[in-house]
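Overview (structure and organization)
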Amino acid sequence: MFAIVRTGGKQYRVAAGDKIVVEKLDGEAGSSVTLGDVLLAGEGSELKPTDGLTVSAEIVAQAKGEKVIVFKKRRRHNYRRKNGHRQNHTILKITAIGAQEEKKKAAPKAKKADAAPATAEAPAAEA
């Protein structure tokens, strides 16, 4: 099964076991990451629905890319600037492509919800 995911403003075609280099993501080597922005998924030539589909990956390493030299020059003005840049990358290993497990959220604590049982107990005590 393959999927097209979007992260860092770019799109990647991934399958289980693939290693990809993406823009820097938070996390340390060995931790797992979930990529939720799945654009397309399929198996062979068949396409599958992407509703609730996620791609789970493991961070292999945080690294820097190759150095890019930025050189600016304006001729006949004695203007030259030389700069270098190394972009931060994250190397991911795709572990699975599957449906997202829905986690049950705890009920939010609201003041109105706490006050309602107190008023319900008061009439019962009077009767």
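Provided above is the structure to which this section pertains.
Note that the structure is predicted; figures quoted are calculated from it, not measured.

Some words on the pairing of strand β9 (residues 79-85)
- Summarising the sheet, strand β8 (residues 68-74) and β9 pair through seven bridges and their orientation is antiparallel. Residue pairing in the sheet places Phe 71 in a bridge with Lys 82 of β9.
- If you look at the hairpin formed by β8 and β9, you'll find four residues sitting between the two strands, and Arg 76 has a positive phi there, around 65°.

Regarding the packing of aromatic side chains
- Overall, the coordinates contain zero aromatic pairs when judged by the stated rule.
- The lysine or arginine in question, Arg 13, covers the ring of Phe 2, its NZ or CZ lying 4.3 Å from the ring centre.
- Here the basic side chain of Arg 74 rests over the ring of Tyr 79, its NZ or CZ set 4.6 Å away from the ring centre.

Quick notes on the pattern of salt bridges
- Enumeration over the complete set of coordinates arrives at three salt bridges.
- The partner of Arg 6 in a salt bridge is Asp 37, with the nearest N and O atoms 2.9 Å apart. Highlighted residues: Arg 6 in strand β1 (residues 2-7) and Asp 37 in the loop between β4 (32-35) and β5 (38-43), separated in sequence by 31 residues.
- A salt bridge links Glu 23 to Lys 10; the shortest N-O distance between them is 2.9 Å. Of this pair, Glu 23 sits in strand β3 (residues 19-23) while Lys 10 sits in strand β2 (residues 10-15); the two residues are 13 residues apart in sequence, bridging distant segments of the chain.
- A residue is classified by how much of its surface remains accessible, and Lys 10, at 39% relative accessible area, is partly exposed.

Description of the pairing of β5
- Across four bridges, β1 lies against β5 in antiparallel orientation. Looking at the pairing, Ala 3 lines up with Ala 41 of β5.
- The hairpin turn running from β5 into strand β6 (residues 46-48), its antiparallel successor, is two residues long, and Gly 44 in that turn takes a positive phi close to 70°.

Some words on the nonpolar core
- With 18 residues, the main nonpolar core has Val 5, Val 14, Ile 20, Val 55, Leu 92 and Ile 94 as its most contacted residues.
- Every element with two or more residues in this core is listed here: β1, β2, β3, β4, β5, β7 (53-64) and β10 (88-99).
- In this view, Val 14 contacts Met 1, Phe 2, Ala 3, Val 5, Ile 20, Val 55, Ile 94 and Ile 97; residues no more than four positions away in its chain are not counted.

What to know about the sheet that holds β5
- The sheet built from four strands is open, its strands ordered β2-β1-β5-β6 with antiparallel pairing. The sheet is open, and its two borders are formed by β2 and β6, each paired with just one other strand. Between one strand and the next, the sheet's axes are offset by a mean angle of 30°, whatever the strand orientation.

Quick notes on unusual backbone geometry
- One non-glycine residue, Arg 76, adopts positive backbone phi at about 65°.
- Tracing the backbone shows Arg 76 in the loop between β8 and β9.
- Within the chain, Asn 78 stands out as a residue other than glycine whose phi angle is a positive 55°.
- In this structure, Asn 78 sits in the loop between β8 and β9.

Reading the values: the criteria
- For every chain, the first residue of the written sequence is number 1, and numbering continues from 1 onward in sequence order.
- Where totals are concerned, whole chains, interfaces and linings use all residues; where local detail is concerned, this predicted model gives features only for residues with pLDDT of at least 70, and gives and counts side-chain atom pairs only at 80 or more.
- The side-chain numbers reported here are obtained from all heavy atoms of the structure, hydrogens and water having been left aside.
- Paired strands are those between which DSSP finds at least two bridges.
- By the criteria applied, helices consist of DSSP H or I runs no shorter than four residues and strands consist of E runs no shorter than two, each listed in order from the N terminus.
- Centre distance within 6.5 Å is the pairing criterion for rings of Phe, Tyr and Trp, where only the six-membered ring of Trp is used; planes under 30 degrees apart are then read as stacked, over 60 as edge-to-face, and the remainder as tilted.
- Whether a charge sits over a ring depends on NZ of Lys or CZ of Arg being within 6 Å of the ring centre and within 35 degrees of the ring normal.
- Note on definitions: salt bridges are taken to be side-chain nitrogens of Lys or Arg within 4 Å of carboxyl oxygens of Asp or Glu.
- A 1.4 Å probe rolled over the protein chains alone gives each residue an accessible area, and that area as a share of the maximum for its type sets the label: buried under 20%, exposed over 50%, partly exposed in between.
- The term nonpolar core refers to a set of buried residues drawn from Ala, Val, Leu, Ile, Met, Phe, Trp, Tyr and Cys, joined through side-chain atoms within 4.5 Å.
- Any two residues having at least one pair of non-hydrogen atoms within 4.5 Å are treated as being in contact.
- Axes here refer to lines fitted to C-alpha atoms; in helices the fit is confined to the stretch in contact. Angles between the N-to-C directions go from 0 to 180 degrees.

Purely geometric numbers; function is a separate question.
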